[in-house]
Amino acid sequence: MERRQLGTSDLYVSKMGLGCMSLGTNQAHAESIIKAALEAGINYFDTADLYDFGMNEEIVGKSLQPVRDEVVIATKVGNRWNEQKDGWRWDPSKAYIKEAVKDSLRRLRVDYIDLYQLHGGTINDPIDETIEAFEELKEEGLIRYYGISSIRPNVIQTYAEQSNIVSNMMQYSLLDRRPEEWFPLLQEKNISVICRGPLAKGLLTTEGWSKASEKVRQEGYLDYSPEECQELITQLEEKFNDSRTLNEVALQFCLRHEAVAAVIPGASSVEQLKENIRAAESAALSDEEYEILREITKEQKYTAHRP
């Protein structure tokens, strides 16, 4: 599988990584998915200390231990579980980040984390202190590089201009084109985009609308009404039915933009993973296909948290 450079780092990640949140808590089941990913050439695995109270990191770490030097392991920090484990609070303080990294290293069974990401962020955070924490962790050799996972324009702009982030994870898909407004700035600063949610909660898959959640059926998806969602999916199926699956259309749309280093769809089964691998490995969109997709989808922008 093609590998792409992450920002200005020396990390080269497979253009499709594995978002590990959906792996579940059964070690054997999760390992079967991770093994299938490795066999397909995926070398990039993304988790977070928040997922399953840290158990996801443990599962990922144990599964990847035999191939540690061949993979890029990314995790996230900033969301802090309370003692009852029934909720969490945001804590981007230097003290917490430098403490939390030790727990992630232990759970992942590694000496260093390839990509450590701030799991959110607001413009009211002690941003200088947060950046200082990541820079110190780099100097100490506990992380190789750091990035953010944010959709807030004011946060993105601040980190792009004031820090050494190599990546920003953003929700991006045919149904959510809001990030495109910020791609030029990120490209200018040599910051790669990592796409989460490229299949829009499963709407942009072969099962499409038939498997849509009750909430989506009632409320729609972002600024697409339920009727608009259905109409768009029907349009996509009609235009590409003879040549591509919806998975292919969705993943290739994200991968087409040069700002994007990787897409990281999740997978809760080996079959689901393999379908996404086939989609990611399919032929790139032609100029004509790309323009059709841009024409029939909405060109949105973020309305809140602007600089």
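Before reading further, recall that the structure is shown in the block above.
Reading the values: rules and limits
Residues numbered from 1 in each chain as written. Predicted model: local features only at pLDDT ≥ 70, side-chain atom pairs only at ≥ 80, totals over all residues. Heavy atoms only, no water. Core = buried A, V, L, I, M, F, W, Y, C linked by side-chain atoms within 4.5 Å. Buried < 20%, exposed > 50% of the residue type's maximum accessible area, 1.4 Å probe, protein only. Helix = DSSP H or I, 4+ residues; strand = E, 2+ residues; numbered from the N terminus. Salt bridge = Lys/Arg side-chain N within 4 Å of Asp/Glu carboxyl O. Contact = heavy atoms within 4.5 Å. Pairing = 2+ DSSP bridges.

Chemist: Explanation requested: the nonpolar core in the structure shown.
Modeler: Generally speaking, a soluble globular protein has its nonpolar side chains buried in company with each other. In this structure, L18, F45, Y116, L203, L236 and L273 are the most contacted members of the largest nonpolar core, which totals 86 residues. Counting residues in each nonpolar core, the second largest holds 14 residues, with L11, V13, L115 and A261 among its members.

Chemist: Would you mind showing me how to read unusual backbone geometry here?
Modeler: One can expect most non-glycine residues to show negative phi and most peptide bonds to be in trans. Although it is not a glycine, N190 adopts a positive phi angle of roughly 60°. Relative to the helices and strands, N190 resides in the loop between α6 (183-188) and β11 (192-196). You will see that A200, though not glycine, has its phi angle at about 50°, which is positive. Exposure remark for A200: the relative accessible area of 0% places this residue in the buried category.

Chemist: Explain the pattern of salt bridges to me, please; I cannot follow it from the model alone.
Modeler: A side chain with one charge may pair with a side chain of the opposite charge, provided their charged atoms come close. Taken as a whole, this structure holds 25 salt bridges when the rule is applied. Of the charged contacts, one joins K76 and D46 as a salt bridge, the two residues approaching to 2.5 Å between their closest N and O atoms. Of this pair, K76 sits in strand β5 (residues 72-77) while D46 sits in strand β4 (residues 44-46), and the two are 30 residues apart along the sequence. Of the residues examined, K76 reaches a relative accessible area of 1% and is grouped as buried. You can call D46 buried: its relative accessible area is 2%. Through salt bridges that share partners, K94, K98, E132, E136 and E140 make up one connected network.

Chemist: Before we go on, may I ask you to explain helix α5 (residues 153-162) in this structure?
Modeler: Residue pairs spaced three or four apart in an α-helix point in one direction, given the helix's 3.6 residues per turn. Along α5, seven of the ten residues are buried, which leaves the element largely enclosed by surrounding structure. All of the buried residues in α5 are P153, N154, V155, I156, T158, Y159 and A160. Packed against the buried residues of α5 are β8 (113-118), α4 (127-139), β9 (143-149), β10 (167-171) and α6.

Chemist: What's the story with the side chain of S104 in this structure? I'm lost.
Modeler: Within the secondary structure, S104 is located in helix α3 (residues 94-108). Owing to a relative accessible area of 0%, S104 belongs among the buried residues under this scheme. Apart from the residues within four sequence positions on either side, S104 is in contact with D49, E57, T75, I113 and Y116.

Chemist: Looking at this structure, I do not really get the sheet that holds β5. What am I missing?
Modeler: One key point about sheets: their strands pair by backbone hydrogen bonds, in either a parallel or an antiparallel sense. On the basis of which strands lie adjacent, the open sheet formed by eight strands has the order β3-β4-β5-β8-β9-β10-β11-β12 and parallel pairing. Two strands close off the open sheet at either side, each with one partner strand: β3 (18-19) and β12 (260-263).

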